[in-house]
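Observations on the three-dimensional arrangement
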Amino acid sequence: MSLFVTREGSKLKWNNTNLVFASFNAPNLMMVEDPYFKRIDHWEQMDILSSISQLGGKVTRPYVFSIPKDPTDLEKHIIVESGYGTEKVKWNINEDLFTDIDSALSLANQFNVKIIIPFIDDWEWWGGVETFSKMYGGNRRDFYENKVIIEGWKLFIKKVINRQNTISGLHYRNDPAILAWETGNELQLDQKPVPSSWTLDIASYIKSQDVNHLVMDGSYGIHGWPIEILTASDIDIFSNHYYLQPLGWTPYTVIGWISIVVLIISCLVTIFLAMKNRIFSMDVIHQRIPDTDELELNSIDDRPHVFSRYPTLNKRKYYYAANMTVSLLFLSLILAQPIPFPTLDRRIQKDTEYIHGFNKAFIIGEIGLVSNQDMKKAVTSFLNVNASGFLVWSLRMHTRQGGFYTHEEHDGYWSYHYPGFPETDGFPKDERLMIELILETNANLGNQRNLTIPTAPLLFSPLVDESFTHFRWRGTPGASSYSLIMTYPFEKIIKEGIVDNTQEKQTILKLPLDEFRKLDSSNFTMSVIAYGDWTNVTSNSVTFDLNINSSM
């Protein structure tokens, strides 16, 4: 029995059974991006990994390693020591931030959750391909082509893979918490796949440093995969990211618009020629034709006649040309309309079947910013085509100071929080539906939830102002509601059914002072009980005095 995830053809294996999972990306697992870049707290890592474990998620995926944008930036995973902007740049890893990764891996083993670690970002959110290249005086393309920069990047990979965890003592290459190393996040170059030579080189280098873990291609699958990448023995897993895309231009669209321009010109020319030949002068002369006996005709041409409603043969060709041109114009207009990309479920089916055709594993690496209905269709497709994983974007954790981290993704979509809460600022309206969908999917997959009793809530000293008492506490992973309990001067349930869907360090419950003043006491002892799908847990006790303003 292997503690590491392995691959057999298109299937992932863990403990001699197929590994198939439905879970969430956890972008803040290695470093926090909201409301600003900062170190992640050990307790916060515990919260997110406990939440994923309670979901039956089995696997998660954090965001990439961060890269400094200038030599004064000391809050990224790389710290520049000298020579920034030259090929002789000297740098080292940020020990503080890597200690946080040590913590995440140690906790992942504790909660039996596997982690896919992407190395570098295509985007520059907290530093990516272009930022690393600039450290050496290069540009975006140089990251994939410049030998000095490529060797510099390999050095970083080597430092990561061979790092010894300060908590567990395991080298990363020997840590079963890691499912796979991903070459990057949404890597692309000029809206095309990155050079195959780079991907093959990096995948081979990772394998040379680490014989225990799988390698996952980090290129952006919307551009397709070169055949030499699909058949590479050093690449085990492929993925794609699925978001609803706007109406797109196709080759037919371009041809259609070119046709429109040509046909408009042709139409105008045809109309001009037709008018010149009086093709539209089709007035009918209503005149009786007298008998020929009544007329003295010098020739047959002297006989009166009625003009036809239809043009003569010579003019008729312009008439047909005009009709044909207008018809083709309408056809081109239809052809030129932008058409939507295939739906998410169709794309998942197509991609998975294609990758399985090369006997490789496939994971839905990111999916989100869509309606719950579209997500349900995507899940159905994922199950039908037997992909190995389904990772929703994204899940955020409780903060150490109380409340949750929140993140606005795009177009009004927000990150999710376990176990799902009513809609409010920073908490999306479909949150509960999304959580329930993932729980249901894991139940269908037979993935067991870890419902070990989590940490108890931590009640902070309340803030008492002129009119209200403000309560705040550090939440419990998976708690769906809380009760505020008074234990002194007597026992009483102050309020039930409280939810902590607030942003970091905000008041969770605000109660009028009058509710306490009428109890004929100024000193009170309070605690909080957390309720979830596990045995209820009770917080610490906090005593406060109405006559003393407490600090939040």
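Remember, it's a predicted structure, so these values are computed and weren't measured experimentally.

Turning our attention to the overall build of the chain. Broken down by element type, the chain carries 13 helices and 25 strands. Partitioning the contacts of the chain with sequence separation of at least 6, the portion at a separation of at least 24 is 70%. Of the roughly 25900 Å² of accessible surface on the chain, a fraction of 53% belongs to carbon and sulfur atoms.

Attention now goes to the sheet that holds strand β3 (residues 17-18). Strand order in the open sheet made by the three strands is β1-β2-β3, with antiparallel pairing throughout. The strands lining the two open edges of the sheet, one partner per strand, are β1 (6-8) and β3.

Here we take up the packing of aromatic side chains. Here the structure, examined in full by the defined rule, presents 35 aromatic pairs. Ring plane angle 65° and centroid distance 6.4 Å describe the contact between Phe98 and Phe156, whose orientation is recorded as edge-to-face. One end of the pair, Phe98, is in helix α2 (residues 95-111); the other, Phe156, is in helix α5 (residues 147-161), and 58 residues separate them in sequence. Phe98 sits in the buried class, given a relative accessible area of 0%. Centre to centre, the rings of Phe382 and Phe390 are 5.3 Å apart; their planes meet at 45°, and the pair counts as tilted. Put simply, the rings of Phe65, Trp91, Phe98, Phe119, Phe132, Tyr136, Phe143, Tyr144, Trp153, Phe156, Trp181 and Trp198 pair up and form one aromatic cluster. Taking NZ or CZ as reference, Arg474 lies 5.3 Å from the ring centre of Trp43, over its face. Here Lys510 stacks its cationic end above the ring of Phe468, 4.6 Å away from the centre of that ring.

A word on the nonpolar core. Judged by nonpolar contacts, the single largest core of 89 residues is most densely connected at Phe119, Phe132, Trp153, Phe156, Ile367 and Phe390. Core analysis: the second largest hydrophobic core is formed by 25 residues, Leu459, Leu509, Ala530 and Leu546 among them.

So, about the packing of helix α1 (residues 42-54) against α2. Viewed as axis vectors pointing N to C, α1 and α2 meet at an angle of 35°, and their least axial separation amounts to 10 Å. Note that α1 runs across α2; the crossing there is right-handed. On the side of α1, the interface is formed by His42, Gln45, Met46, Leu49, Ser50 and Ser53, while α2 contributes Asp100, Ser103, Ala104, Leu107, Ala108 and Phe111. Taken together, the residues of the contact of α1 with α2 sort by class into six nonpolar, five polar and one charged.

Calculation rules
Residues numbered from 1 in each chain as written. Predicted model: local features only at pLDDT ≥ 70, side-chain atom pairs only at ≥ 80, totals over all residues. Heavy atoms only, no water. Helix = DSSP H or I, 4+ residues; strand = E, 2+ residues; numbered from the N terminus. Contact = heavy atoms within 4.5 Å. Areas by Shrake-Rupley, 256 points an atom, 1.4 Å probe, with all protein chains shown as cover. Pairing = 2+ DSSP bridges. Phe/Tyr/Trp six-rings, centres within 6.5 Å; stacked < 30°, edge-to-face > 60°. Buried < 20%, exposed > 50% of the residue type's maximum accessible area, 1.4 Å probe, protein only. Lys NZ or Arg CZ within 6 Å of the ring centre and 35° of its normal. Core = buried A, V, L, I, M, F, W, Y, C linked by side-chain atoms within 4.5 Å. Axes fitted to C-alpha atoms, helices over the stretch in contact; angles between N-to-C directions. Left-handed = near helix turned anticlockwise from the far one by under 90°. Nonpolar A, V, L, I, M, F, W, Y, C, P; charged D, E, K, R; others polar.

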